[in-house]
Amino acid sequence: MILAAGRGERMRPLTDVQPKPLLKVAGKALIEYHLENLATAGVREVVINTAWLGEHIPAYLGNGARWQLHITYSHEGWPALETGGGIFRALPLLGNAPFLVINGDVWTDWQLGAPQLPAQWRDDTLAHLSLVPNPLQHPHGDFGLQDSQVVAEAGERYTYSGIAFIDPRLFAGCKEGAFKLAPLLFAAARAGKISGELYQGPWSDIGTPERLMQLEQQVRSDDSMSAQ
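Treat the numbers as computed from the prediction; the structure is a model and nothing was measured. (Residues numbered from 1 in each chain as written. Predicted model: local features only at pLDDT ≥ 70, side-chain atom pairs only at ≥ 80, totals over all residues. Heavy atoms only, no water.)

Colleague: Any chance you could explain unusual backbone geometry here in plain terms?
Modeller: Comment: phi is negative for the bulk of residues other than glycine, and the bulk of peptide bonds are trans. The omega torsion across W78 and P79 is 10°, close enough to zero to call that bond cis. Topologically, P79 is positioned in the loop between strand 5 (70–75) and helix 3 (82–94). Phi angles above zero are rare outside glycine, and L53 is one such case at about 50°. Within the secondary structure, L53 sits in the loop between strand 4 (45–50) and helix 2 (56–61). Positive phi values are uncommon outside glycine, yet S148 reaches one of about 65°. With a relative accessible area of 32%, S148 lands in the partly exposed category. (Helix = DSSP H or I, 4+ residues; strand = E, 2+ residues; numbered from the N terminus. Buried < 20%, exposed > 50% of the residue type's maximum accessible area, 1.4 Å probe, protein only.)

Pasting the structure below:
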């Protein structure tokens, strides 16, 4: 599932006319990088939730055929249901098995590899998080990591990358409506039911027009270097 429903307030005025995941980096929409990665990994079924200017996303991506994917859309209307509520609404489309969730407004060269659960996954695991070193705009991080287990309280903390494997059981007891994913993750981490890994490669949270411009320069520079 790719989360693509948010308003992107800090990205205004760019997001006044198009959803944040359709903002382009080096001529390609942010969400397209994820679709390419998923297709390369062998994923074939993708769910995308929409809300703010949501009609733009299916109009741009279609049914996913150009990436050899099948895209199903979970339309929320406005206001959006936030990260937790959006996933909960889409659970009937995602099935009963653990699934991958990606924030549509992050950029990374993180490679999924084969579409299978991480080696750290146990029978009682409710989520597996990809964590990254803390960026300048988020210096205190979110979670600690101890022996491949994500912990809620730790001296050294890392930032949640917006990429996770999630078991539908994480949402046990939840009800339809708008709510955030983070409290569910913190509760599961305190119960010892979240595994994780630290990714130290390129990653960017596209939170402001300035960061979008910096990423544009970085990607074009990397592409130029690789072409030489």
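Colleague: Would you explain the side chain of D105 in this entry?
Modeller: In this structure, D105 sits in the loop between strand 6 (99–103) and strand 7 (106–108). Polar side-chain contacts of D105 include one of 3.0 Å to the side chain of K20. When near neighbours in sequence (up to four residues on either side) are disregarded, D105 contacts K20, L30, S204, D205 and I206. (Polar contact = N/O pair within 3.5 Å; in protein donor to acceptor, adjacent residues only side chain to side chain. Contact = heavy atoms within 4.5 Å.)

Colleague: I tried to follow the nonpolar core on my own but got confused; where do I start?
Modeller: Nonpolar side chains in soluble globular proteins tend to be buried together. Within the largest apolar cluster, 31 residues are counted, with the highest numbers of intra-cluster contacts made by I87, L129, I166, L170 and F171. Taken together, the elements giving at least two residues each to this core come down to helix 3, strand 6, strand 8 (127–132), strand 11 (159–166) and helix 4 (182–190). Of all hydrophobic cores here, the second largest spans 29 residues; its members include L22, A29, V46 and I71. (Core = buried A, V, L, I, M, F, W, Y, C linked by side-chain atoms within 4.5 Å.)

Colleague: Explanation requested: the packing of aromatic side chains in the structure shown.
Modeller: We describe a pair of aromatic rings using the distance from one ring centre to the other and the angle between the two ring planes. Inspection of every chain in the model, using the stated rule, returns five aromatic pairs. A connected cluster of aromatic rings, assembled from ring pairs, spans F88, F171 and F179. For the cation-ring pair, K28 lies above Y33, with the distance from its terminal atom to the ring centre recorded as 4.7 Å. (Phe/Tyr/Trp six-rings, centres within 6.5 Å; stacked < 30°, edge-to-face > 60°. Lys NZ or Arg CZ within 6 Å of the ring centre and 35° of its normal.)

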